[in-house]
Every structure is written in structure tokens, then in C-alpha cells.
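# Reading the structure
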Number of protein chains: 2
Amino acid sequence: MISKAEAKKRVLFVGGGGVGSIGALNLELGGLAEVTLALRSNYKTVVEKGYDITSCDHGRVEGWRPTHVLDHIPNILSESLPPYDYIVLATKNIPDIPPTLSSLLFPAVTPSHTAIVLIQNGLNIEKPLLEAFPTNCVLSGISFIGAHETRHGVIEQADVDRLSIGAFRNPNLIREDEEAVAREFVRIYGAGGKTDCVYEADVPYQRWRKLIYNTCLNSICAITGMDTGRIQLQPRLLTTIVRPAMEEVRLAALSCGIALPLDIADTMIAADAIDMYGAPSMLVDIQKGNFIEVENLLGEPLREGRARGVEMGTVGWLYEVCGALQWRERDRRGMVERPERREYASVGR
Amino acid sequence: MISKAEAKKRVLFVGGGGVGSIGALNLELGGLAEVTLALRSNYKTVVEKGYDITSCDHGRVEGWRPTHVLDHIPNILSESLPPYDYIVLATKNIPDIPPTLSSLLFPAVTPSHTAIVLIQNGLNIEKPLLEAFPTNCVLSGISFIGAHETRHGVIEQADVDRLSIGAFRNPNLIREDEEAVAREFVRIYGAGGKTDCVYEADVPYQRWRKLIYNTCLNSICAITGMDTGRIQLQPRLLTTIVRPAMEEVRLAALSCGIALPLDIADTMIAADAIDMYGAPSMLVDIQKGNFIEVENLLGEPLREGRARGVEMGTVGWLYEVCGALQWRERDRRGMVERPERREYASVGR
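Because the structure is predicted, anything quoted here is derived from the model rather than measured.

## Considering the overall build of chain A
Looking only at helices and strands, chain A has 12 helices and 12 strands in total. Since a compact globule built from 349 residues should have a radius of gyration of about 20 Å, the 21 Å found for chain A is in line with a globular shape. Taking the principal axes of the C-alpha coordinates as reference, chain A spans close to 90 × 50 × 40 Å. Looking at chain A residue by residue over its 349 residues, the buried ones come to 56%. Intrachain contacts of chain A at a sequence separation of at least 6 include 71% that bridge at least 24 residues. Total accessible area computed for chain A in this model is approximately 14,800 Å², and 53% of it derives from carbon and sulfur atoms.

Here you go:
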């Protein structure tokens, strides 16, 4: 007797760069999901030619497209679409620059049904979504994939796709139900057999752990214009800035009940996904003229630690300078109002 | 009865950018000095075509050259030259990058005779020169000239040439003699009547005063890639970084016996030589791929303050990050030894 084929999950993937394209490919190869990919800058290229993927997990894949490719986030009501089971966000998360993620997602989310998966860095990223969608499950995705879009539609994946999935706590839902939704996503994502996708029970621990790297190393790379390999070669910079900042984040985590290993700084300074002089995300964003994820990577851990009395002078410093870099990018895009000529006073002698 | 014409002073000017070219012009127009200008990058242009100067003090001056133009600092013994009365340094002062200024000057200095005039920013710049030339007078020049070399040999001076001259204390000389040498330089520099060149008795006060600007604003401009006008428009950055740093420098000065006005920060934040969005020197150097004056503008005031127990966390931070920018420039020029591939450890989950 042949069992009835399992109904495919409807997954909307938002963002089709390195993480999104490989994620969409994994899901469709697993056969348990039908993927709609919502794209922006690379939409035209992907619709016309498909993705050109060179991957350590999948080899060469040319002209690949998921089931649906869109140039917008769909409105399920006005477009008469069935509900999405999962909406996966694989974009940057920059709450200080409008529009908000929740306003973008609003037309695509079915209350009490759609689970929202945030494959994004930083702390407290679930909060605005839980506020906007109080009856929906919000999942945490922490990705260590070494995949990049080198130009529109061209993806290079040099490092195995490792993804941790767990549930952010939504007090309106039952914990066991959230866990089941997370485990279900792990199952459909891992069904193709090419990924290292695991269920992770302790989401806050994993988020704080990655912040040790992102708050302290990622930011100093953005500020100094150097990759982590070059930072690692400057003992003074490590001693005076990177390690103090990492210790501050460790203590902030501890103040929130998260006990990271005492030697977490050593682990993070020695570590990187690629064994070359690779630019971390904030440096890449600075170099490309993108906005940086300053609030989720620096502002949130700073506010959490300071609210609990943790001294965070070095992280505060990194935060203010990264905030100035964000201001510079807003200015460059004409988003800052400033006088043609500045107020002037002669300094004299 | 006609008096015998005053013998012209022999002045060697090292560095012929904005400050050096206008300085050399002032000296020769005054008629009391014969100037030798030692150039590097713009030597060929100046020898062939002379300077093309557009100046608020002097109007349009085309094809101008001082009496002598050299492509090196002369060796007065091997070249059989008479001694120089003054050697004026109008170059950057970067003691962390060899060769040292004193080794460069050595062949041109006549012991017990040549006065060395440092038209340069920062603290303790006289120390290596007094060590190398213990019987010579070393003068401080603080320039507020708004002159720039826009391309080789082309000088634009938008702001009046204001120069303060005083003597650094050399314990081997008599204070009154040093003062007389300084006043003599003011006289020959100001003889043309177009400059605002004054004798300044309190050199340490003037040096610390200018550091309020250079240590705190100049550096944050270099780090964030923004001019002072844009920094001035960011109240948070002023509150969290610029003002705390300025207060630290004020207290460091006070610990050295220099009482700057309590509102010096307001004066320096509101002030600038030009009423536009003008890049200060460290930002210009970063943009041009030059080394920055990190030790004299940041390292020295930091060390002086800390040695006297002043807390200088914010200036320390600015110093370390500017030091990293200096490392980056050394790396860019191949002056850093670093492994082809970096040490690698997988961060794991």
C-alpha cells in the first residue's frame, strides 16, 4: 500500500542572497516544501537566468529557480493565495532605517498559522515581530553558512550550511507547540540531506554567544576597515578594545542569566568561518555602502547589559562610532537634513 | 647717510605644501630672508613651472619660486654651504614611521647656530630635536593658515596666514636668548606685512589649546570619515565621545599646569578655519592614503595625562583606533609582516 504523499509546506523566503538562495535550494531539494522567493535587487537576473551556484554542499547548479520567484512580498488576501506555513527572513535586520520588517511582512502573514523564521543576527530581533504578530510562532535561525552572492544571481558557498533553529518564546503560545514548529522546520530544511540543520533549545544562549563575535569583532572591523585576520595580528588592539568589549558582552549575558564559557573571547578571536582574510558582515556592508546592523548587534546587548548595571564603556564606544557610520550613510543618501553652509566661528589663537 | 643693507637671514624651509609655500613666499617678500626650499613630491613641478598661488593674502602669484629649490635636505659640509640661520619644518611629524626628523636634518644643522622652527602640530615634538641638537634653539610654530596644495605646485590659501612663534625651552640655553631668536623670526616672517605673525611666550599653553581640537575632533573625523561640520550635527556623538575626550585633554593639560578655559570644548566644537564642510588634517591624510600624526596628536597628550593620574578612557580609545588605522596604512604599503593565510579555528556552534 502506497502512503499518500505528504503535502508540501508553503514557504516564503524573503531575501535571496547567499543565505536565502542556498536555503531555498535546500528546502526544495528536500521535497517537503514549495518555496516562493521574494527578491529585490537580483530579481530580474534570477527570473531570466536562474541562480548560478557553486557550492561545497551541492556542487555546480546552473539556472536554478525555486517554484515561485516574486519581486515583492505577496499580499495573500488580494492575490488570493493560500496561507504560508513559514516565512523565512534572510535579509539584513536594520530597525533604525524604515520601513519596519513587520510592516513589510504584514500582508503575507496569516495570524495563528504562519511561523516566522528569522535567519538574522543580533539580539531582541523577535520583539517587534511578536508585537506585530502576537498569535504567531517566531523562530530563531542562526546561520554559519559561508555563502555569498558575488554578483546578481551568482552564489558561492565555501563553507557547509550549518543552521540552528529554535523558538523565540511567545508568551501567548504553548512552549511545546513552539518547539514542535521549530522541529518541523528542521525536518523539512534538512530533508535534502546536504545540510547540518539542528534544533536548538537554548536560543538566548546561542544569540549571546554569536554576539561575542558580532558586537566586538565585526564592529571594530567596520570601524577600522580591516578584516578579522588583520585585527588578530594587532595585539594592542585586541588587549585595549576587542577583549574588553568581549568581556563586557560576556558580563551582560551573565546579567541576563546566560553563562558563556570564560574563554569565549579566545574562541572567537581565533575563529572564523574562512581561513583567509575575510571581511565580516559589517565591514562588507560599509564597503558596499549598505546600512549596518548597529542596533541589533550593538545597541540591544548594550541596553540589556546597562539596564542590569553592567559597565559597558568599550561596547558603548563601538556603538556610538558605528552609529556615526550609520549617520554617514544616511547623509550620503540624502536622508539627513543639514544646512548648506555650517555655523561658523573663528577659532582664533 | 645710507645705512648698510641688513644681511639676509639664510632660511631652509623643509616641506613646500600649503604652509611651506606661503611661508617661503612671506619670508622672501619681506626682503630679510633668502629662502632655500627642500621639496619631495612636487619638486619637479616647482622647479619647472614655479608655484601657482591663489591667496587671500597675496592675490594671484604665478610661476613663483624662492631663491633656491632643492630635491633634498642639503649637507652643508659636503656641499660647502654657509650655515642656515633657521631651518623651518612644515612637514607632517610622524615619529612612529622612520626615518626620524632629526636624522634627516642632521647634515643641514650647524650646532649652536641654526634655530629649528617646527610649524607642526602636537605635543612633545621638540623632544627628539633637543636631544639630537642640544646646543640649538628649537622654536614652536602654530599655524592657523587655511592653505592647501590642491595639486603639485598649485596652492590655494582661503584663510589669512596666522602664525604664533615661541621658543621651546632648551635647558642648555638662556631663556632670553631663545626669546630673542623667536622674536627675530617673527620680525623677518612678518616683514612683508601680509601676515599675522606674533610672538607667543606661552608655548605649552598654545600647544595644549590646539590639542583640544586635534586630539578629539580631528581624530574622530579620521575614524568616522566625516568632516567637523558633520560631526557637529550629531549631538550624541558630541556628548558621548567628543566632549568627554576634550574634557580629558583639558584635565591632562591642567595636570601639566596649563589651565585652559572651562568652555574650551564649546569654542573648539563651534570653530573651524573655513565656514564649509572642510576635512581636518587627519581625515585628509586618511583619504589621501598618508600616514596620520597619531603619536603627537593623541599618544603624547595621553601619556602626559596618564602619567599624572588623569583618567583618559575616551582619548585612549581614539588613540588605539587611530593606531589601528596607522597599522592599516603600514600594511597597505607592505610594511607589515603577516602570514599568507591566517591561523584558523572553526568557531562551531
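Read on, since the account is not over.
## A word on unusual backbone geometry
In the segment running from A:Pro98 into A:Pro99, the intervening peptide bond is cis, with an omega of 0 degrees. Mapped onto the fold, A:Pro99 is located in the loop between strand E6 (86-89) and helix H3 (101-105). Even without being glycine, B:Ser80 reaches a positive phi, approximately 50 degrees. In this structure, B:Ser80 sits in the loop between strand E5 (68-70) and strand E6 (86-89).

## As for the nonpolar core
Formed by 94 residues in total, the largest nonpolar core has its most connected members in A:Ile220 and B:Ile220. Beyond its immediate chain neighbours, meaning those up to four positions away, A:Ile220 contacts A:Gly225, A:Ile231, A:Leu237, A:Ile241, A:Val242, A:Leu318, B:Trp317 and B:Val321. Judged by nonpolar contacts, the second largest core, of 38 residues, contains A:Phe13, A:Ala24, A:Val61 and A:Cys197.

## Some points on the UniProt feature "domain: Ketopantoate reductase N-terminal" (unreviewed entry) in chain A
Under the UniProt annotation, the feature "domain: Ketopantoate reductase N-terminal" (unreviewed entry) is placed at residues 12-169 of chain A. Across residues 12-169 of chain A one finds 20% helix and 34% strand; the C-alpha atoms that close the span lie 22 Å apart.

## Things to note about the pairing of strand E8 (residues 138-143) of chain B
Residue and element names in this part refer to chain B. Of all six residues in E8, six are buried; the element is thus mostly enclosed. Covered by surrounding structure in E8 are Val138, Ser140 and Ile142 together with Leu139, Gly141 and Ser143, the residues of both alternating faces. Here strand E7 (residues 115-119) pairs with E8 via four bridges, running parallel. Residue pairing across strands places isoleucine 116 opposite valine 138, the latter belonging to E8. In this fold, E7 hands off to helix H4 (residues 127-132), which returns the chain to E8; that crossover is right-handed. Bridge count between E8 and strand E11 (residues 162-167): five bridges; the pairing is antiparallel. Within E11, the position partnered with leucine 139 by the bridge is alanine 167.

## Observations concerning helix H12 (residues 313-332) of chain A
Three or four residues apart is the spacing at which side chains of an α-helix point the same way, because the helix has 3.6 residues per turn. Residues and elements named next belong to chain A. Its 20 residues place the ends of H12 29 Å apart at the C-alpha level, agreeing with the 28 Å of an ideal helix rising 1.5 Å per residue. Counting buried positions along H12 yields 15 of 20 residues, so the element is predominantly enclosed. Among the residues trailing H12, glycine 334 stands out with phi positive, at a value near 75 degrees.

## Notes on the sheet that holds strand E10 (residues 154-157) of chain A
All names here are of chain A. Spatial ordering of the open sheet is given by E4-E3-E10-E9, a layout of four strands whose pairing is mixed. Looking along the sheet, the strands with just one partner apiece sit at the ends: strand E4 (59-64) and strand E9 (147-151). Here the strands of the sheet are splayed against their neighbours by 20 degrees on average, with no regard to which way each runs. The pairing of strand E3 (residues 51-55) with E4 spans five bridges and is antiparallel. Counted as the bridge partner of isoleucine 53 is valine 61 from E4. Those strands touched by helix H1 (residues 18-30) are E3, E4, E9 and E10, and its axis lies near 90 degrees from that of E4.

## So, the side chain of A:Gln326
Residues and elements named next belong to chain A. As for its position among the elements, glutamine 326 is in helix H12. What makes glutamine 326 buried here is its relative accessible area of 3%. In this structure the side chain of glutamine 326 is engaged in a polar contact, spanning 2.9 Å, whose partner is the side chain of aspartate 96. With residues near it in sequence (within four places) discarded, glutamine 326 still touches Ile94, Asp96, Ile97, Phe291, Ile292 and Val294.

## Looking at the pattern of salt bridges
Note that side chains of opposite charge can pair when their charged atoms are close. The full count for this structure, using the stated rule, is 43 salt bridges over all chains. Of the charged contacts in the structure, one is a salt bridge between A:Glu304 and A:Lys127, with a shortest N-O distance of 3.9 Å. Of the two residues, A:Glu304 sits in helix H11 (residues 294-307) while A:Lys127 sits in helix H4 (residues 127-132), which places them 177 residues apart along the sequence. The class for A:Glu304 is buried, based on a relative accessible area of 15%. According to the relative accessible area criterion, A:Lys127 is partly exposed, its value standing at 45%. A salt bridge links B:Glu184 to B:Lys9; its shortest N-O distance comes to 4.0 Å. Of this pair, B:Glu184 sits in helix H5 (residues 175-190) while B:Lys9 sits in strand E1 (residues 9-14), and the two are 175 residues apart along the sequence. Overall, the relative accessible area of 24% leaves B:Lys9 in the partly exposed class. By sharing partners, the salt bridges in this structure join A:Asp227, A:Arg230, B:Asp331 and B:Arg338 into a single network.

## Side note on the domain arrangement of chain A
Residue and element names in this part refer to chain A. Split by domain assignment, chain A resolves into domain 1 (9-201) and domain 2 (204-332). Using only C-alpha atoms to locate each centre, domain 1 and domain 2 end up separated by 25 Å. Residue-level contacts link 24 residues of domain 1 with 23 residues of domain 2. Here domain 1 and domain 2 share an interface that buries about 2,000 Å² over both sides, 54% of which is from carbon and sulfur atoms.

## A closer look at the environment of B:Thr54
Residues and elements named next belong to chain B. You can see threonine 54 is positioned in strand E3 (residues 51-55). In this structure the C-alpha to C-alpha distance between threonine 54 and valine 154, which are 100 residues apart in sequence, comes to 8.1 Å. When residues no more than four places from it in sequence are discounted, the contact partners of threonine 54 are Gly59, Arg60, Ile155, Glu156 and Gln157.

## Observations concerning the sheet that holds strand E12 (residues 196-199) of chain B
What holds strands together in a sheet is hydrogen bonding between their backbones, with the strands either parallel or antiparallel. Residues and elements named next belong to chain B. Judged by pairing direction, the sheet is mixed, and its eight strands sit side by side in the order E5-E2-E1-E6-E7-E8-E11-E12 without closing on themselves. Because the sheet does not close on itself, it has two edges, and the strands there are E5 and E12. Here the strands of the sheet are splayed against their neighbours by 20 degrees on average, with no regard to which way each runs. Strand contacts of helix H1 (residues 18-30): E1, strand E2 (33-38), E7 and E8, with the helix running at about 160 degrees to E2, the strand carrying the most contacts.

## Re the packing of aromatic side chains
Residue and element names in this part refer to chain A. The final tally for this structure, using the stated rule, is nine aromatic pairs over all chains. With a centroid separation of 6.0 Å and an interplanar angle of 25 degrees, the aromatic rings of phenylalanine 106 and phenylalanine 133 are classed as stacked. Of this pair, phenylalanine 106 sits in the loop between H3 and strand E7 (115-119) while phenylalanine 133 sits in the loop between H4 and strand E8 (138-143), placing them 27 residues apart in sequence. Judged by its relative accessible area of 54%, phenylalanine 106 falls in the exposed class. When its relative accessible area of 5% is taken as the criterion, phenylalanine 133 is described as buried. Ring pairs connect the aromatic residues Tyr86, Phe185 and Tyr189, which therefore count as one cluster. Over the ring of phenylalanine 144 we find lysine 210, and its NZ or CZ is 4.7 Å from the ring centre.

Scoring rules and cut-offs
- Residues numbered from 1 in each chain as written.
- Chains lettered and ligands numbered in written order.
- Predicted model: local features only at pLDDT ≥ 70, side-chain atom pairs only at ≥ 80, totals over all residues.
- Heavy atoms only, no water.
- Helix = DSSP H or I, 4+ residues; strand = E, 2+ residues; numbered from the N terminus.
- Rg over C-alpha atoms; globule rule 2.2 N^0.38 Å.
- Buried < 20%, exposed > 50% of the residue type's maximum accessible area, 1.4 Å probe, protein only.
- Contact = heavy atoms within 4.5 Å.
- Areas by Shrake-Rupley, 256 points an atom, 1.4 Å probe, with all protein chains shown as cover.
- Core = buried A, V, L, I, M, F, W, Y, C linked by side-chain atoms within 4.5 Å.
- UniProt positions renumbered as here; feature names shortened; annotations may be inferred.
- Pairing = 2+ DSSP bridges.
- Right-handed = clockwise from strand over helix to strand, strands pointing away.
- Expected span 1.5 Å × (residues − 1).
- Axes fitted to C-alpha atoms, helices over the stretch in contact; angles between N-to-C directions.
- Polar contact = N/O pair within 3.5 Å; in protein donor to acceptor, adjacent residues only side chain to side chain.
- Salt bridge = Lys/Arg side-chain N within 4 Å of Asp/Glu carboxyl O.
- Domains from an automatic or database assignment.
- Buried area = accessible area lost by both parts, 1.4 Å probe.
- Phe/Tyr/Trp six-rings, centres within 6.5 Å; stacked < 30°, edge-to-face > 60°.
- Lys NZ or Arg CZ within 6 Å of the ring centre and 35° of its normal.

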